[in-house]
Amino acid sequence: MLRYWQGAFLKLLSCSLACAMLLVCHFVNAGQSSISQSVAIDPVITTQISAVDSLADQTIRQAYFTPVASKQALVCYLPALELCVGLLPASLQQQTAFSVANIRRAIGRKSAMVLVAEHDTLAGVIVINRARDMLEQSGSIGLVTYQLPLVKQAQLTLWHEIGHLYNITLQGTILPSSLSEYQHEWLADLYLLWQIAQHYHQLDLAWQQFHRRNLALINDSGNLSHWSAPQLQIVLSHYNAQQLLDFTRYEDFITAVYPLMPLWSTRDMGEFSSLVQRTFSAVQSLPGYIFWRQPELIQVLSPTLDRLMGKAESQRWLKNQFSTVK
């Protein structure tokens, strides 16, 4: 089936020069509230369709298939959305969820989104809005705003979205059949961490993702749904880069680390949300507020605060904010 789609795509790209020029003109990027730029994805990461000429190669970077477990995912860059959706099997093209209009409406201001497909060979569709690529994550603590530069964030975003689809294929076997929205998010970041170890053989980008998730939470407690820093910290404290590299199969990695993860309830998450709001949004600090959650929050935030403020200032600030810091 994949070869059929690939063949159809290449046949389309070999049309007349007039058609080719129309296709090229179609690829126009749009923009994010963060600073944006076009960031190249490392070529080793994805399995792209073979190009027949330079025009085809330019176009294929906007639409390609990449492996997800035993299936494939179709990666669509927003400027080429109509063309990319045309590569889907007819059964999926007929579904409203995969219509161009619905996808444009659903992605909104997000940098990426994933659509799960019920199909024998296609796991889903990943839509990338490169105009929303982030170059930095910011967050304010008191009167000071901190910025965290983001390196290779386009690649990390792609891995996160692939991780959503990969983890879904493992539900009911390695992973539980039912997962909360929050579990889906931190599991996608665990897949991202595994990919970092496999391709870069060091963990600087994993720490970047850790700090990014913390700083996003500091900036807005609404980002709690994507707060994977607790789970990333557990893996980073248990394994070094070489040990993670030894997990050549993601299935083996997630089998080993999933039992280490906290399984917080809705009430637990609500307490974290209230504590974060009170700590970073309120004018008056309440050092004893939800004191039973403070040690967990401090443990996860401390590496990021040390990086942003420096260790001495970070410790001083923590003592002023939390009664549990001695």
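Computed from a predicted model, the values in this text were never measured in an experiment.

Asker: Help me out: how do you make sense of the side chain of Q208 in this one?
Answerer: Mapped onto the secondary structure, Q208 falls in helix α9 (residues 204-219). Polar contacts involving the side chain of Q208 include one to the main-chain amide nitrogen of V151, which spans 2.9 Å. Non-local contacts of Q208, meaning those with residues more than four positions away in its chain, are made with L148, P149, L150, V151, Q153 and L156.

Asker: Any chance you could explain the confidence of the model for the protein chain here in plain terms?
Answerer: Close inspection of predicted coordinates is inappropriate for parts of the model with low pLDDT. Mean pLDDT over the protein chain: 84, with 81% of residues reaching 70 or higher. Segment residues 1-59 is flagged for pLDDT under 50; beyond a separation of four residues in sequence, or across chains, it makes 99 contacts in the model.

Asker: I keep staring at the nonpolar core and nothing clicks. Help me out?
Answerer: Across soluble globular proteins, nonpolar side chains show a tendency to be buried alongside one another. Counting residues in hydrophobic clusters, the biggest one holds 76 residues, and the most contacted among them are L190, W227, V235, L244 and F253. With eleven residues, helix α8 (residues 181-200) is the largest single contributor of residues to this core. Those residues in contact with F253 that sit more than four places away from it in its chain are L190, L193, W194, V235, L244 and F247. Within the second largest apolar cluster, 21 residues are counted, among which are A63, C84, L88 and I107.

Asker: What is the right way to look at unusual backbone geometry in this model?
Answerer: A negative phi angle is the norm for most residues apart from glycine, just as the trans form is the norm for most peptide bonds. Located in the positive-phi region is A69, a residue other than glycine, with phi close to 55°. Residue position: A69 is located in the loop between β1 (63-68) and β2 (71-77). We classify A69 as partly exposed; its relative accessible area is 35%. Within the chain, H201 stands out as a residue other than glycine whose phi angle is a positive 60°. Tracing the chain through its elements places H201 in the loop between α8 and α9.

Asker: Please clarify how the sheet that holds strand β4 (residues 122-128) should be interpreted in this entry.
Answerer: Whether parallel or antiparallel, the strands of a sheet pair through hydrogen bonds between backbone atoms. Here we have four strands laid out as an open sheet, ordered β1-β2-β4-β3, and mixed in their pairing. The sheet is open, and its two borders are formed by β1 and β3 (112-116), each paired with just one other strand. Adjacent strand axes in the sheet meet at a mean angle of 25° when their direction is disregarded. In this structure, β2 lies alongside β4, joined through six bridges in parallel fashion. For C76, the partnering residue across the bridge sits in β4 and is V127. Its contacts with the sheet place helix α6 (residues 100-107) against β3 and β4, and it is angled at close to 135° to β3.

Asker: Whenever I open this one, the state of the cysteines confuses me. Can you help?
Answerer: Working definition: the covalent bond between the sulfur atoms of two cysteines is a disulfide. Applying the stated criterion across every chain, the model contains one disulfide. Bridging C76 to C84, the disulfide has an S-S length of 2.0 Å. An S-S torsion of about -80° defines the bridge between C76 and C84 as left-handed. Here the two residues C76 and C84 agree in accessibility, since each one is buried.

Rules used throughout
- Residues numbered from 1 in each chain as written.
- Predicted model: local features only at pLDDT ≥ 70, side-chain atom pairs only at ≥ 80, totals over all residues.
- Heavy atoms only, no water.
- Helix = DSSP H or I, 4+ residues; strand = E, 2+ residues; numbered from the N terminus.
- Polar contact = N/O pair within 3.5 Å; in protein donor to acceptor, adjacent residues only side chain to side chain.
- Contact = heavy atoms within 4.5 Å.
- pLDDT = per-residue confidence, 0-100.
- Core = buried A, V, L, I, M, F, W, Y, C linked by side-chain atoms within 4.5 Å.
- Buried < 20%, exposed > 50% of the residue type's maximum accessible area, 1.4 Å probe, protein only.
- Pairing = 2+ DSSP bridges.
- Axes fitted to C-alpha atoms, helices over the stretch in contact; angles between N-to-C directions.
- Disulfide = S-S within 2.5 Å.

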